[in-house]
Amino acid sequence: MDIKNQITKRGLALVLALITAVPLVVLAIFSRPEKKNDNDYLLSLGIVVDTSSSQGTKASQSITVAAVIYDSDGRIIDCEIDCAQSEMNVEGGMLSGDNTYLTKNELGQSYGMSAYSSIKKDWFEQADFFADYVEGMNINDLDIEIDDGGKPADADLLSGCTMGITDMEKALKKAVDNKSAVKFRSEKTPEASLACITDDSSSKAFENTDGVCSMETSACAIAVADSKALACIIDVAQPKIYFDSQGNITSSEFEKTKLELGYDYNMAPASPIGKEWFEQQAHFSEYIIGMTAEEIGAIKINDSGKADDADLVSGCTIYPGGFIAIAKKALENAG
């Protein structure tokens, strides 16, 4: 074969090789895994309800709440813990409650744990220590050792938190497993803020028959930067504690929070926009993004108690006063 033919065949082979390689190069470019953004975060909320301390003539419930922010790699950026411990007296079959219902964080030093604590720390201080302890952990590998008495088994955690942490650990894990977690972006490192409000107005006592204590607790987690809401989640726990006409606790029940119930809450059939509670909550939470606490508090409500703004009403037709109060409080609690 002469040199000319050899060059021609080699050139043709090179062209064919390049033509074959181009689609592979293009495919490789477009099939590269999407790069994670360091500004992507998720906000979540976990609630644990315990009514086991209800006995005699005391209807008592403990609602432990965790607000968590974690990044796209699952690393916990910030965590807040609180507990709404509420009680009603049903002696004689009559209701007697405390409409203030301060949480343990709100009670602060007046909760009185420090006097009995081996480390002289009150509940809110130990809860803060627990929250700081879990920051930096990955939600996919949470391993918090608890001894048989429900207290921390790890020496580092025990150095600042000697109280029982079972419900806090459960609330934390419920938060990071929550399918309602909200994605958001922030150029600045966000802060988690938390608020709880308890309302006993739906409790009822009936003459010569059973009554019910309903200390409904709303919880709100907000991601905050520059005093503005970056993301928001609101949930409500509605445990019921029953008592007889003599004022003795007979039973209690709690299934799931409103968010956990999802479509089973069954609001949609009665809604003029066909939306469930969790969907209307999500619309309100989206609506307040970018607002300050003052701006949230200024959301207009008409004479019927409904929202006045068409954008808000388009996705939230329930009475938003409770949403406004709890979101404003959560944002005010930041910092």
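Structure: see above.
Scoring rules and cut-offs
Residues numbered from 1 in each chain as written. Predicted model: local features only at pLDDT ≥ 70, side-chain atom pairs only at ≥ 80, totals over all residues. Heavy atoms only, no water. Pairing = 2+ DSSP bridges. Helix = DSSP H or I, 4+ residues; strand = E, 2+ residues; numbered from the N terminus. Axes fitted to C-alpha atoms, helices over the stretch in contact; angles between N-to-C directions. 1 Å grid on protein atoms, 1.4 Å probe; cavity = no way out; pocket = protein on both sides within 12 Å on 5 of 7 lines; lining within 4 Å. Points joined across faces, edges and corners; volume = space filled by probe spheres on them. Nonpolar A, V, L, I, M, F, W, Y, C, P; charged D, E, K, R; others polar. Contact = heavy atoms within 4.5 Å. Disulfide = S-S within 2.5 Å. Buried < 20%, exposed > 50% of the residue type's maximum accessible area, 1.4 Å probe, protein only. Arc of directions from axis to C-beta. Phe/Tyr/Trp six-rings, centres within 6.5 Å; stacked < 30°, edge-to-face > 60°.

Enquirer: Explain the sheet that holds strand E10 (residues 240–243) here, please?
Expert: The pairing of strands in a sheet comes from backbone hydrogen bonds and takes either a parallel or an antiparallel form. The three strands lie next to each other as E7-E10-E11, forming an open sheet whose pairing is antiparallel. The two strands at the open ends of the sheet, each matched to only one other strand, are strand E7 (211–213) and strand E11 (249–253). Taking the axes of each pair of neighbouring strands and ignoring which way they run, one obtains an average angle of 25° across the sheet. As judged from the four bridges shared by E10 and E11, these two strands associate in the antiparallel manner. Following the sheet pairing, Tyr-242 is matched in E11 by Ser-251.

Enquirer: Help me understand the layout of surface pockets in this model?
Expert: Approximately 490 Å³ is the volume attributed to the largest pocket. Around the largest pocket, the lining comprises 24 residues; the ones closest to its centre are Lys-258, Trp-277, Ile-318, Tyr-319 and Phe-323. Among the secondary structure elements, those contributing two or more residues to the lining of the largest pocket are strand E6 (191–199), strand E8 (216–225), strand E9 (228–237), helix H7 (277–287) and helix H10 (321–332). For the lining of the largest pocket, the element with the most residues is H10, which contributes five residues. For the lining of the largest pocket, a count of residues per class yields 13 nonpolar, seven polar and four charged.

Enquirer: Teacher, can you tell me more about the sheet that holds strand E5 (residues 182–185) here?
Expert: Spatially, the five strands line up as an open sheet ordered E4-E3-E2-E1-E5, and their pairing is antiparallel. Of all the strands in the sheet, the pair left with one neighbour each is strand E4 (96–97) and E5. Lying over the sheet, helix H5 (residues 166–176) contacts strand E1 (40–50), strand E2 (58–71) and strand E3 (76–89), oriented at roughly 135° with respect to E1.

Enquirer: For this particular structure, what's the right way to read the state of the cysteines?
Expert: Working definition of a disulfide: a covalent bond connecting the sulfur atoms of two cysteines. The tally for this structure, following the rule as stated, stands at zero disulfides. Among the cysteines around Cys-83, which has no disulfide bond, Cys-196 carries the closest sulfur, lying 8.3 Å off. A relative accessible area of 1% means that Cys-83 is categorised as buried. Cys-232 takes part in no disulfide bond, and the closest cysteine sulfur, belonging to Cys-220, lies 3.7 Å away.

Enquirer: Before we go on, may I ask you to explain H7 in this structure?
Expert: Given 3.6 residues per helical turn, the α-helix brings residues three or four places apart onto the same face. All buried positions along H7 are accounted for by Trp-277, Gln-280, Gln-281, Phe-284 and Ser-285. All buried residues of H7 project into a common sector of 140° when viewed along the axis, lining one side.

Enquirer: Help me understand the packing of aromatic side chains in this model?
Expert: Ring pairs (aromatic) are described by centroid distance and by the angle formed between their planes. Summed over the entire model, instances satisfying the criterion amount to four aromatic pairs. On the basis of an interplanar angle of 70° and a centroid distance of 5.7 Å, the ring pair of Trp-277 and Phe-323 is categorised as edge-to-face. Taken together, the residues span a long stretch of sequence, with Trp-277 in helix H7 and Phe-323 in helix H10 at a distance of 46 residues. Residues Trp-277 and Phe-323 agree in their burial class; the two are buried. With 5.3 Å between their ring centres and 40° between their planes, Phe-284 and Phe-323 make a pair best called tilted. Here the residue Phe-284 occupies a position in helix H7, and Phe-323 occupies one in helix H10, the gap between them amounting to 39 residues.

This is a description of form; function is not addressed.
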